[in-house]
Amino acid sequence: MNKLIGVVLIFLFIGFCFIPIFTAFTFTETKTEHETIHYITKDKQDIFQITFTHTIHLTDVIESYRVIESNNIQLVSMEYSNVAIGMPGYAEEGQTLSYENGVYTLKYDKAVLNDFILHIGDVDNKLDFFYNKKSFDLKEELDRGKSYEFEVKKISLFEKVKGVQLNER
């Protein structure tokens, strides 16, 4: 009887290892045969930002996001100081553009994504992920010149152990 209980407990533990129960921000390299998940464990905070230095203007762009139901990603706003090449100078339908103290703020009403592709350029410009008062240098943590699918999803204990947890600065 004790052996049967032991076997059942082992199967339950193994099963538990493969059930996705941890919510995480994940970066999965695309175009590779051996996918590795790089992740940041998500807690109750739903707001995060990605800040990068625009390669032509050499000024910072701050993109703000919110995690909404079903772990979808809502683009909330984008702040930047120069318009023209690659940066919008006007608002489209469902957007509002304002200019104050030298900063353009483009706000989105309902821009919702399941995921998006993030390319890690091989240039020495800033690319940071901010979450819960912590900063993660994506140029240091991920491979330059490669693209990653970014999504918010549940991962299992096995995926956490097999993956790479990003380190805050």
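Here the structure is a predicted model, which means the values were calculated and not measured. (Residues numbered from 1 in each chain as written. Predicted model: local features only at pLDDT ≥ 70, side-chain atom pairs only at ≥ 80, totals over all residues. Heavy atoms only, no water.)

1. Some thoughts on the layout of surface pockets
For step 1, the next point in the chain: For the largest pocket, the calculated volume is near 240 Å³.
For step 2, the next point in the chain: Lining the largest pocket are 16 residues, with Phe52, Thr53, Leu118, His119 and Leu127 positioned closest to its centre.
For step 3, the next point in the chain: Elements with a minimum of two residues in the lining of the largest pocket: β3 (47-53), β4 (60-68) and β8 (115-119).
For step 4, the next point in the chain: For the lining of the largest pocket, a count of residues per class yields 7 nonpolar, 6 polar and 3 charged. (1 Å grid on protein atoms, 1.4 Å probe; cavity = no way out; pocket = protein on both sides within 12 Å on 5 of 7 lines; lining within 4 Å. Points joined across faces, edges and corners; volume = space filled by probe spheres on them. Helix = DSSP H or I, 4+ residues; strand = E, 2+ residues; numbered from the N terminus. Nonpolar A, V, L, I, M, F, W, Y, C, P; charged D, E, K, R; others polar.)

2. Focus: the nonpolar core
For step 1, the next point in the chain: Counting 29 residues, the largest nonpolar core has Phe25, Phe27, Ile40, Phe48, Phe129, Leu138 and Phe150 as the members making the most contacts within it.
For step 2, the next point in the chain: Breaking this core down by element, the ones donating at least two residues are β1 (22-29), β3, β4, β5 (72-80), β7 (103-113), β8, β9 (127-131) and β11 (147-155).
For step 3, the next point in the chain: Ranked by residues supplied to this core, first place goes to β5 with 4 residues.
For step 4, the next point in the chain: Those residues in contact with Leu138 that sit more than four places away from it in its chain are Phe27, Leu118, Ile120, Leu127, Phe129 and Leu166. (Core = buried A, V, L, I, M, F, W, Y, C linked by side-chain atoms within 4.5 Å. Buried < 20%, exposed > 50% of the residue type's maximum accessible area, 1.4 Å probe, protein only. Contact = heavy atoms within 4.5 Å.)

3. A look at the sheet that holds strand β2 (residues 37-41)
For step 1, the next point in the chain: In spatial order, the strands read β8-β11-β1-β2-β12; together these 5 strands make up an open sheet with mixed pairing. Every other strand in the sheet has two partners, leaving β8 and β12 (164-165) as the edge strands with one partner each.
For step 2, the next point in the chain: By the bridge criterion, 5 bridges tie β1 to β2 in an arrangement that is antiparallel. When the bridges of β2 are listed, Phe27 appears paired with His38. (Pairing = 2+ DSSP bridges.)

4. Brief notes about the pairing of strand β10 (residues 134-137)
For step 1, the next point in the chain: Both β9 and β10 contribute to a ladder of 4 bridges, which runs antiparallel. Bridge pairing in β10 links Phe129 to Phe136.
For step 2, the next point in the chain: If you look at the hairpin formed by β9 and β10, you'll find 2 residues sitting between the two strands, and Asn132 has a positive phi there, around 55°.

5. Quick notes on unusual backbone geometry
For step 1, the next point in the chain: Look at Lys31: it is not a glycine, yet its phi comes out positive at around 60°.
For step 2, the next point in the chain: As for its position among the elements, Lys31 is in the loop between β1 and β2.
For step 3, the next point in the chain: With phi around 60°, Leu58 is a residue other than glycine that occupies positive phi space.

6. Quick word on the sheet that holds β4
For step 1, the next point in the chain: Spatial ordering of the open sheet is given by β6-β7-β5-β4-β3-β9-β10, a layout of 7 strands whose pairing is antiparallel. Whereas interior strands pair on both sides, the edge strands pair on one side only; in this sheet they are β6 (95-100) and β10. Neighbouring strand axes in the sheet, compared pairwise and without regard to direction, differ in orientation by 20° on average.
For step 2, the next point in the chain: Pairing between β3 and β4: 7 bridges, direction antiparallel. Each bridged residue has a counterpart across the sheet, and for Ile50 the counterpart in β4 is Glu63. (Axes fitted to C-alpha atoms, helices over the stretch in contact; angles between N-to-C directions.)

7. Some details on the environment of Thr53
For step 1, the next point in the chain: Relative to the elements of secondary structure, Thr53 occurs in strand β3.
For step 2, the next point in the chain: Separated by 27 residues in sequence, Thr53 and Tyr80 place their C-alpha atoms 9.7 Å apart.
For step 3, the next point in the chain: Beyond its immediate stretch of four places on either side in the chain, Thr53 contacts Leu58, Thr59, Asp60, Asn125 and Lys126.
For step 4, the next point in the chain: Engagement of the side chain of Thr53 in a polar contact is seen with the side chain of Asp60, the distance being 3.0 Å. (Polar contact = N/O pair within 3.5 Å; in protein donor to acceptor, adjacent residues only side chain to side chain.)

8. Notes on the pattern of salt bridges
When the charged atoms of two side chains with opposite charge come close together, those side chains can pair.
For step 1, the next point in the chain: A complete count under the given rule lists 8 salt bridges for this structure.
For step 2, the next point in the chain: Between Glu29 and Lys146 there is a salt bridge, with its nearest N and O atoms 3.5 Å apart. In this pair, Glu29 sits in strand β1 while Lys146 sits in the loop between α2 (138-141) and β11, placing the two residues 117 residues apart along the sequence.
For step 3, the next point in the chain: For Glu29, a relative accessible area of 16% puts it in the buried group.
For step 4, the next point in the chain: The partner of Lys153 in a salt bridge is Glu151, with the nearest N and O atoms 3.8 Å apart.
For step 5, the next point in the chain: The exposure class assigned to Lys153 is partly exposed, which follows from its relative accessible area of 24%.
For step 6, the next point in the chain: By relative accessible area, which is 16% here, Glu151 ends up buried. (Salt bridge = Lys/Arg side-chain N within 4 Å of Asp/Glu carboxyl O.)

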